[in-house]
Amino acid sequence: MNFDRIIAVRNDKTVFRDSDRCLKVFNDGYSKADVLNEALNQARLEETPLNVPKVLEVTVTDGKWTLVSEYIKGKTLAQMIKDEPDRKDEFITMLVGLQIETQHTVCPGLVSLKEKISRNICKTDLIATMRYDLHMRLEAMHRDNKVCHCDFEPSNIIIRDDGTPYIIDWSHAAQGDPPADAARTYLRLFLDGDTDGAERYLEVYCEKSGVKKEQIEKWIPLVAAAQSIRGNTAERDTLHKWIDC
């Protein structure tokens, strides 16, 4: 394996290119179960009509778990927005279209999003009464079986050189209610500091999907709570403000 070219660096992983392969190398101590679950999610999504890089193998290199998949040559939507800011609205519309297409897909092998959120709420440091309230609100939310990427942001969309879009990073994928997935994207854009982009995304998503803004807003505190077990201190503080809304 060739680890000379770094594609991306995250808090808990580094992504390399090795010719026509993409090597996602997880840091020491990363959960083996989470690595295998991500590979399984991606493999299951390969069986749908969505464009998903194929999993080639899961291995260990220098003691670190490594997920090997197809390398997709192209640019992420995040890079395209950075390179051509005057086309940002067009790219947001493209993001929404791909997300709606994804949410029209079913993949029965994925975990339940409501159950996943419930488990994460239990792991938070919120007081017991707030956790109870969130669980009650979650129980009342609509249950669905549509594919929810749960991290559908511009950096996870690669536009191949021929214009074909590919969706990457399926580690958080689940089956559930599409407005919950939209709430996660809105929060991710907001946390990344793109507040204008987050608001525009919400407008375009509601317009294209027919989902009312209120449906997404009901999911935001629940998704924020589930997400608050990750990220840095600043992100968690911001998410706690959304939980209280």
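For the structure itself, consult the block above.
Residues numbered from 1 in each chain as written. Predicted model: local features only at pLDDT ≥ 70, side-chain atom pairs only at ≥ 80, totals over all residues. Heavy atoms only, no water.

(A) Main features of the sheet that holds strand S3 (residues 21–26). The strand order S1-S2-S3-S5-S4 describes an open sheet built from 5 strands, whose pairing is antiparallel. Edge positions in the sheet fall to strand S1 (5–9) and strand S4 (55–61), since each of these pairs with one other strand and no more. Neighbour-to-neighbour, the strand axes of this sheet turn through a mean angle of 25°, independent of strand direction. For strand S2 (residues 13–18) and S3, the ladder comprises 6 bridges, and the chain directions are antiparallel. Residue pairing for S3: phenylalanine 16 is matched across the bridge by leucine 23. (Pairing = 2+ DSSP bridges. Helix = DSSP H or I, 4+ residues; strand = E, 2+ residues; numbered from the N terminus. Axes fitted to C-alpha atoms, helices over the stretch in contact; angles between N-to-C directions.)

(B) Quick peek at the pairing of S1. Of the strand pairs in this sheet, S1 and S2 are connected by 4 bridges, and their pairing is antiparallel. Directly across from isoleucine 6, in S2, lies its bridge partner phenylalanine 16. What sits between S1 and S2 in their antiparallel hairpin is a turn of 3 residues.

(C) Expanded view of helix H8 (residues 213–227). For H8, built from 15 residues, the straight-helix expectation of 21 Å at 1.5 Å per residue is met to within 8% by its first-to-last C-alpha distance of 20 Å. Bending of H8 peaks at approximately 35° at the position of isoleucine 220, with proline proline 221 no more than four residues after it. Buried within H8 we find Ile216, Trp219, Ile220, Pro221, Leu222, Val223, Ala224, Ala225, Ala226 and Gln227. (Expected span 1.5 Å × (residues − 1). Bend = angle between axes of the 7 residues up to and from the residue. Buried < 20%, exposed > 50% of the residue type's maximum accessible area, 1.4 Å probe, protein only.)

(D) Just the pattern of salt bridges, in detail. Summed over the entire model, instances satisfying the criterion amount to 17 salt bridges. A salt bridge links glutamate 57 to arginine 21; its shortest N-O distance comes to 3.3 Å. Of this pair, glutamate 57 sits in strand S4 while arginine 21 sits in strand S3, and the two are 36 residues apart along the sequence. Close ionic contact of aspartate 192 with arginine 188 constitutes a salt bridge, the shortest N to O distance being 3.0 Å. Look at aspartate 192 and you get partly exposed, because its relative accessible area is 48%. In the salt-bridge network here, residues are joined through shared partners; they are Asp18, Arg21 and Glu57. (Salt bridge = Lys/Arg side-chain N within 4 Å of Asp/Glu carboxyl O.)

(E) Quick look at the pairing of S4. Where S4 and strand S5 (residues 64–70) come together, 6 bridges link them in antiparallel fashion. By the bridge assignment for S5, valine 55 is matched with serine 69. With antiparallel pairing between neighbouring strands as the criterion, S4 and S5 make up a hairpin whose turn holds 2 residues, including aspartate 62 at a positive phi of roughly 50°.

(F) Spotlight on the packing of H8 against helix H9 (residues 233–243). Packing of H8 against H9 brings their axes to within 8 Å, and their N-to-C directions diverge by 150°. In terms of orientation, H8 and H9 fall into the roughly antiparallel class. Like other packed secondary-structure pairs, H8 and H9 cross with a definite hand, here left-handed. Taking contact as the criterion, the partners of Ile220, Pro221, Ala224, Ala225 and Gln227 in H8 are, on H9, Leu239, Trp242 and Ile243. Looking at side-chain class alone, the contact of H8 with H9 contains 7 nonpolar, 1 polar and no charged residues. (Parallel < 35°, antiparallel > 145°, perpendicular 65-115°, else oblique. Left-handed = near helix turned anticlockwise from the far one by under 90°. Contact = heavy atoms within 4.5 Å. Nonpolar A, V, L, I, M, F, W, Y, C, P; charged D, E, K, R; others polar.)

(G) Summary view of the side chain of histidine 149. Summarising the element assignment, histidine 149 is placed in the loop between strand S7 (146–148) and strand S8 (157–160). For histidine 149, the side chain forms a polar contact with the main-chain oxygen of aspartate 169, separated by 2.9 Å. In this structure histidine 149 touches Asn156, Ile167, Ile168, Asp169, Trp170, His172, Ala173 and Asp181, once residues within four positions along its chain are discounted. (Polar contact = N/O pair within 3.5 Å; in protein donor to acceptor, adjacent residues only side chain to side chain.)

(H) Spatial organisation of the sheet that holds strand S9 (residues 165–167). Read across the sheet, 3 strands follow the order S6-S8-S9 without closing on themselves; strand pairing throughout is antiparallel. Each having just a single partner strand, strand S6 (74–76) and S9 make up the two edges of the open sheet. When the angles between neighbouring strand axes are averaged without regard to direction, this sheet yields 30°. Relative to S8, S6 runs antiparallel, the two sharing 3 bridges. By the bridge assignment for S8, lysine 75 is matched with isoleucine 159.

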